[in-house]
Amino acid sequence: MSSGFGQALDPLVLQRARRRDAAAQEAIYRLYSRACYNLALRILGNPAAAEDIVQDVFVRMLDALPGFRGDAPFGAWLKRMTTNATIDMARRNRRLDTESAEVHLERMAVEQPGPDVGVDAWSLLMRLSVRERAVVILHELEGYTHKELASLFGQSESYSKSVLARALKRLGVLDAGTIEWRGDA
């Protein structure tokens, strides 16, 4: 069984939700709200902001549901809405703007764990700016292509590639060779 956005939505539930059936809408929320929250939290790093994204996405989804054509799976459609809402929130908060190198280095020095503290993936990702974290998560974990990222951020594909490479280098992933950078074909 799939989880997250990959979960299948019963077509009858979708039909009922389109007719504004509250129980069907609640079923959709129960099925996908955790995936929306997790994606927003990984990018924004703020639980309250992630909760706001879930609320915003589901309000937008209910308004847009009659226009859902089914060209893509429902979960993929909702994932795109979540991604767009998350990036929009980051832009509104002006935290998505690229940080100066000095600010980033100062923040990394302050956040650098001591030798006796283990470093997990979350703390590593939180060292990145919101834009870098968004590109890493959307590309490496969510499977977005550089072309899709370019469209989301209103930039070129090469911009997306350079942000990803810079972020992975900052994390020590490219230099250490701990994982293969998957890139796009």
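This text goes with the structure placed above it.
Residue positions are given per chain, counting from 1 as you read along its sequence in written order. At least 70 in pLDDT is required for a residue's local features to be given in this predicted model, at least 80 for side-chain atom pairs to be given and counted, and no such filter applies to totals for whole chains, interfaces and linings, which use all residues. Each side-chain value is derived from all of the structure's non-hydrogen atoms; neither hydrogens nor water enter the calculation.

**Considering unusual backbone geometry**
Thought 1: The phi dihedral of Arg20 falls on the positive side, at around 70°, and the residue is not glycine.
Thought 2: The helix and strand labels rest on DSSP assignments: H or I over at least four residues marks a helix, E over at least two residues marks a strand, and numbering proceeds from the N terminus. Checked against the element boundaries, Arg20 lands in the loop between helix 1 (11-18) and helix 2 (22-44).
Thought 3: Each residue is placed in one exposure class: buried if its accessible area under a 1.4 Å probe, protein chains only, is under 20% of its type's maximum, exposed if it is over 50%, and partly exposed if it falls in between. You can call Arg20 partly exposed: its relative accessible area is 46%.

**With respect to the packing of aromatic side chains**
Thought 1: Side-chain rings of Phe, Tyr and Trp (the six-membered ring for Trp) are treated as a pair once their centres are within 6.5 Å; stacked means planes under 30 degrees apart, edge-to-face means over 60, and tilted covers the remaining angles. As enumerated under the stated definition, the model contains five aromatic pairs in all.
Thought 2: Ring geometry for Tyr32 against Phe74: centres 5.5 Å apart, planes inclined by 50°, an arrangement best described as tilted. Residue Tyr32 is located in helix 2, and its partner Phe74 is located in helix 4 (residues 74-92); the two are separated by 42 residues in the primary sequence. When sorted by exposure, Tyr32 lands in the same class as Phe74, which is buried.
Thought 3: Put simply, the rings of Tyr32, Phe68, Phe74 and Trp77 touch in pairs and so form one group of aromatic residues.

**With respect to the environment of Ala64**
Thought 1: Mapped onto the elements of the fold, Ala64 is located in helix 3 (residues 47-64).
Thought 2: Each C-alpha atom, one on Ala64 and one on Arg18, is 9.2 Å from the other, the two residues being 46 residues apart in sequence.

**Description of the pattern of salt bridges**
Thought 1: One side-chain nitrogen of Lys or Arg within 4 Å of one carboxyl oxygen of Asp or Glu is enough to make a salt bridge. Evaluation of the coordinates by the stated rule reveals 10 salt bridges.
Thought 2: Residue Arg42 pairs with Glu142 through a salt bridge whose shortest N-O separation is 2.2 Å. Of this pair, Arg42 sits in helix 2 while Glu142 sits in the loop between helix 7 (130-141) and helix 8 (146-153), placing them 100 residues apart in sequence.
Thought 3: Where Arg91 meets Asp88, a salt bridge forms, and the shortest distance between an N and an O atom there is 3.6 Å. A residue pair is termed a helical-turn pair when its members lie 3 or 4 positions apart in one helix, as Arg91 and Asp88 do in helix 4 at three residues.
Thought 4: Residue Asp88 is classed as partly exposed on the basis of its relative accessible area of 28%.
Thought 5: One network of salt bridges, with partners in common, ties together Arg42, Lys79 and Glu142.

**Overview of the packing of helix 8 against helix 9 (residues 157-171)**
Thought 1: Note on geometry: axes are lines fitted to C-alpha atoms, helical ones only across the stretch in contact, with angles between N-to-C directions running from 0 to 180 degrees. As a packed pair, helix 8 and helix 9 sit with axes 8 Å apart at the nearest point and diverge in direction by 100°. Classified by the angle between their axes, helix 8 and helix 9 sit roughly perpendicular to one another. Between helix 8 and helix 9, the contacting residues are His146, Lys147, Leu149 and Ala150 on the first element and Glu157, Ser160, Lys161 and Leu164 on the second.
Thought 2: When grouped by side-chain class, the residues that make up the contact of helix 8 with helix 9 number three nonpolar, two polar and three charged. Oblique is the label for every angle not falling under 35 degrees (roughly parallel), over 145 degrees (roughly antiparallel), or within 65 to 115 degrees (roughly perpendicular). We call two residues in contact when some of their heavy atoms are within 4.5 Å. Under the scheme applied, nonpolar residues are Ala, Val, Leu, Ile, Met, Phe, Trp, Tyr, Cys and Pro; charged residues are Asp, Glu, Lys and Arg; polar residues are all the others, including Gly.

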